[in-house]
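Descriptive structure summary
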Amino acid sequence: MNSAAIRSNRRKLLVLAAIVLLCAAGYMLVGVNFSNPKLFAYAMKIRTPKLVVMLITAFSIGGASLVFQSIINNTIVTPCLLGMNSLYTLIHTAVVFFLGSASIVATNANLSFGVDVVLMGITATILYNWIFQKTKHNVLYVLLVGTVLTSFFSSIQTTLTRVMDPNEYDTLLNTLVASFSNINSEIILFSLVLLAGVIFALRKELALLDVLTLGKEQAINLGVDYDRCIRRLLLGVTLCIAVATAMVGPISFLGLIIANLSRQLLKTFRHTQLVLGSALFGMAVLVGGQLIVEHVYSYSVPVSIPNPNQKHPF
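Read on for an overview of the structure. (Residues numbered from 1 in each chain as written. Predicted model: local features only at pLDDT ≥ 70, side-chain atom pairs only at ≥ 80, totals over all residues. Heavy atoms only, no water.)

With that settled, the discussion passes to the overall build of the protein chain. Helix and strand content of the protein chain: 14 helices and zero strands. Counting helices and strands in the order they occur from the N terminus, the protein chain gives α-α-α-α-α-α-α-α-α-α-α-α-α-α. For the protein chain, the C-alpha radius of gyration of 22 Å lies close to 20 Å, the compact-globule estimate for 314 residues. C-alpha extents for the protein chain along the principal axes are approximately 80 × 55 × 40 Å. When each of the 314 residues of the protein chain is scored for burial, the buried share is 46%. Contacts in the protein chain between residues at least 24 apart in sequence constitute 78% of all its contacts with a sequence separation of at least 6. Here the protein chain has roughly 16,600 Å² of accessible surface; of this, 66% comes from carbon and sulfur atoms. (Helix = DSSP H or I, 4+ residues; strand = E, 2+ residues; numbered from the N terminus. Rg over C-alpha atoms; globule rule 2.2 N^0.38 Å. Buried < 20%, exposed > 50% of the residue type's maximum accessible area, 1.4 Å probe, protein only. Contact = heavy atoms within 4.5 Å. Areas by Shrake-Rupley, 256 points an atom, 1.4 Å probe, with all protein chains shown as cover.)

Written as structure tokens, this is what we have:
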């Protein structure tokens, strides 16, 4: 890739970053009462955790989806197509089902998140690594197995919820549906530490992504421990998906869109740029979309106030 293309991509990334900053500023400031300090402070207290969660979620989904596509060497596959969302939902449901919604594991957000992440990380790494090896990274076979696993995990999760106590199910339901109005802001610090640890631990494997996309034989010929890199990167993808799902619910389907938007915009094989572009696209989509839904569209929709003196036609 020549220097002109690299400079062009850097400019595109700077424009994307500027769009994200504008969306974030709009989300924080649109509709805020600046004349009343108490109302302003209250608005900032409510909006700041939501903004941080959206940025973390977009980074996790964007980076994980693009890395996953490189692992499997296909741009139409995302972690949700292999049932990672369903696996997380099943694990979280099983924890509540067997331990109860009143247990310390369920009531403590950080502890619950930690248990979910550990169980999902171990299960997904072993399961999906085995699938990739058995199918020899054949996309068709991987998708077929992933579809079956998605249905399998969903069926078990549905069975558990049907025999679960209704009160516990009501408590559980809030964490199983994607929603930015019911975010889990208690695990922000834990998530940031976990993501930083994942990036640091996988820094060497992430630097080798350009080589891994050449294929297994070529990567091995260049001195790369291919299987080990795939296992470690798959674990990183799993943890990132777990972070995003624990915060707002299952939305990893968004990764297919933003990862391919990044590829189309940057047109490069350099993953340092592609991953950053995917994350920035995700931030712009989530924050900009939430800005429109919460602070623009809500003000543009006329509210009809009924007239108490008007008789009903019936």
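This is not the end of the story, as more comes after the structure.
Before going further, it helps to examine the packing of aromatic side chains. Where two aromatic rings form a pair, the distance of their centres and the angle of their planes describe that pair. Going through the model one piece at a time under the given rule, you end up with five aromatic pairs. Measuring from ring centre to ring centre gives 6.2 Å for Phe68 and Phe132, while their planes differ by 45°; the resulting arrangement is tilted. In this pair, Phe68 sits in helix H2 (residues 37–72) while Phe132 sits in helix H5 (residues 109–135), placing the two residues 64 residues apart along the sequence. Given the relative accessible area of 0%, Phe68 is considered buried. Note on Phe113 and Phe190: the rings are 5.1 Å apart at their centroids and 85° apart in plane angle, and the pair reads as edge-to-face. With Phe113 in helix H5 and Phe190 in helix H8 (residues 188–201), this residue pair connects regions lying 77 residues apart in the sequence. What makes Phe113 buried here is its relative accessible area of 2%. Sitting over the face of the ring of Phe200, Arg203 holds its NZ or CZ atom 4.2 Å from the ring centroid. (Phe/Tyr/Trp six-rings, centres within 6.5 Å; stacked < 30°, edge-to-face > 60°. Lys NZ or Arg CZ within 6 Å of the ring centre and 35° of its normal.)

Relative orientation of the contacting elements H5 and H8 amounts to 35°, with a least axis distance of 10 Å. Note that H5 runs across H8; the crossing there is right-handed. Contacts from Asn110, Phe113, Gly114 and Val117 in H5 reach Phe190, Ser191 and Leu194 in H8. Taken together, the residues that form the contact of H5 with H8 break down as four nonpolar, three polar and no charged. (Axes fitted to C-alpha atoms, helices over the stretch in contact; angles between N-to-C directions. Left-handed = near helix turned anticlockwise from the far one by under 90°. Nonpolar A, V, L, I, M, F, W, Y, C, P; charged D, E, K, R; others polar.)

Okay, the pattern of salt bridges next. Going through the model one piece at a time under the given rule, you end up with three salt bridges. Notably, a salt bridge pairs Lys216 with Asp227, separated by 3.5 Å at the nearest N-O pair. One end of the pair, Lys216, is in helix H11 (residues 216–221); the other, Asp227, is in helix H12 (residues 226–248), and eleven residues separate them in sequence. What makes Lys216 partly exposed here is its relative accessible area of 39%. Where salt bridges share partners, they join Glu205, Arg228 and Arg232 into one cluster. (Salt bridge = Lys/Arg side-chain N within 4 Å of Asp/Glu carboxyl O.)

Between its first and last C-alpha, H8 extends 20 Å over 14 residues, near the 20 Å set by a 1.5 Å rise per residue. Looking at the buried positions of H8, the neighbouring elements they touch are H2, H5 and H12. (Expected span 1.5 Å × (residues − 1).)

Further remarks concern the side chain of Thr93. Relative to the assigned elements, Thr93 resides in helix H3 (residues 84–99). Given the relative accessible area of 0%, Thr93 is considered buried. When neighbours within four sequence positions are excluded, Thr93 is seen to be in contact with Gln157, Leu160, Thr161, Met164, Leu172 and Leu176.

Quick look at H12 now. Taking 1.5 Å as the rise per residue, H12 with 23 residues should run 33 Å; its terminal C-alpha atoms sit 33 Å apart, in good agreement. Buried residues dominate H12, accounting for 18 of its 23 residues. Count one or two residues on from H12 and you reach Gly249, which has phi positive near 110°.

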